[in-house]
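# A look at the structure
The lines below spell out each chain.
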Amino acid sequence: MPSPPDPSPDEVRAAWEANAAYWDDHAEAGGTWQRTLIQPAVERLLDLRAGERVLEIGCGNGDFARRMAGLGADVVASDFSERMLERATVRGGRVSYRLADATDEPALLSLGPPGSFSAIVSNMAIMDMIEIEPLVRASRQLLAPGGRFVFSVMHPAFNGRSAVRTVELWDDETGVVRAHSVKVSAYARPAPTIGVALEGQPAPQWYFHRPIGLLFDPWFRQGFVLDGLEEPVFGADDVRPGSTDAVFAEVPAVMVGRMRLGAA
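Residues numbered from 1 in each chain as written. Predicted model: local features only at pLDDT ≥ 70, side-chain atom pairs only at ≥ 80, totals over all residues. Heavy atoms only, no water.

## Description of the packing of aromatic side chains
Under the defined criterion, the tally for this structure stands at seven aromatic pairs. Between phenylalanine 149 and tryptophan 219, the ring centres sit 4.5 Å apart and the planes meet at 50°, which makes this aromatic pair tilted. Taken together, the positions of phenylalanine 149 in strand 5 (residues 143-154) and tryptophan 219 in helix 7 (residues 212-221) put the pair 70 residues apart, joining distant regions of the chain. Centre to centre, the rings of phenylalanine 151 and phenylalanine 216 are 6.1 Å apart; their planes meet at 65°, and the pair counts as edge-to-face. With a gap of 65 residues between them, phenylalanine 151 in strand 5 and phenylalanine 216 in helix 7 connect regions that are remote in the sequence. Residue phenylalanine 151 is classed as buried on the basis of its relative accessible area of 1%. On the basis of relative accessible area, phenylalanine 216 is assigned to the buried category, the value being 7%. Taken together, the ring pairs connect Trp33, Phe234 and Phe248 into an aromatic cluster. (Phe/Tyr/Trp six-rings, centres within 6.5 Å; stacked < 30°, edge-to-face > 60°. Helix = DSSP H or I, 4+ residues; strand = E, 2+ residues; numbered from the N terminus. Buried < 20%, exposed > 50% of the residue type's maximum accessible area, 1.4 Å probe, protein only.)

## Observations concerning the packing of helix 6 (residues 133-142) against helix 7
Their axes nearest at 9 Å, the elements helix 6 and helix 7 cross at an angle of 35°. For the crossing formed where helix 6 meets helix 7, the hand is right-handed. Contact with helix 6, carried on its side by Glu133, Val136 and Ser139, involves Pro218, Trp219 and Arg221 of helix 7 and no other residues of that element. Considered class by class, the residues forming the contact of helix 6 with helix 7 number three nonpolar, one polar and two charged. (Axes fitted to C-alpha atoms, helices over the stretch in contact; angles between N-to-C directions. Left-handed = near helix turned anticlockwise from the far one by under 90°. Contact = heavy atoms within 4.5 Å. Nonpolar A, V, L, I, M, F, W, Y, C, P; charged D, E, K, R; others polar.)

## Some details on empty space enclosed by the protein
Tallied over the entire structure, the rule returns one cavity of 30 Å³ or more. The computed volume of the largest cavity comes to approximately 140 Å³. Lining the largest cavity are 15 residues; nearest its centre among them are Met127, Met154, Phe208, His209 and Arg210. Broken down by secondary-structure element, the contributors of at least two residues to the lining of the largest cavity are strand 5 and strand 9 (205-209). The residue inventory of the lining of the largest cavity, partitioned by class, reads eight nonpolar, five polar and two charged. (1 Å grid on protein atoms, 1.4 Å probe; cavity = no way out; pocket = protein on both sides within 12 Å on 5 of 7 lines; lining within 4 Å. Points joined across faces, edges and corners; volume = space filled by probe spheres on them.)

This is how it looks when you write it as structure tokens:
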């Protein structure tokens, strides 16, 4: 499928400003994949210890930031959407919320002194960023020696811009049989696309597809190593029978990675 023209940063932000209340309401009601599919894998790779200072970039409504604070972390959480941060603040929690664009390296560096964070988290946000190099460079400076960066993204291979979920039905002696699959028609080239993550959200949002090699390359060039990777799938009871989401009980919809600063 053809890609739309690259959006401006203001266009990317405007979608999240429009969707903030809708996303917050659905996330708090358990209407997203965060708590059932994504968050458990992120927590495993983060391996958080009480007292650690953690930065979350792209915190949205602050759901995971509050979770980390509840586990005993000292949390700074940032987002580029003022309305998202307003919703996060209303939810409370022992979290310091800050306005910062993840594509603005100086803004990220203002979130803390060099080497002041044990860990940085970006939860289902990297695929929403026009560029990720400023984030990677800033993380290199903000992390303490041996620090880790844990991220989750839509799986670039199976849940990307051209991935189409299909259901095939036939009948046999057992009754109606359903087979779920994902059809992928484009993968190798980075490209923007526009769509919706939650049906009914007020405005479509921008995604920026990066194949796995291009996703990891900025980290490797800054001296990070990949030392943890998960591709979580739904449990059999987590998806509605007949839903196209059922394919994600066998095919991973998200990818969760842990990058760590390598030896100098």
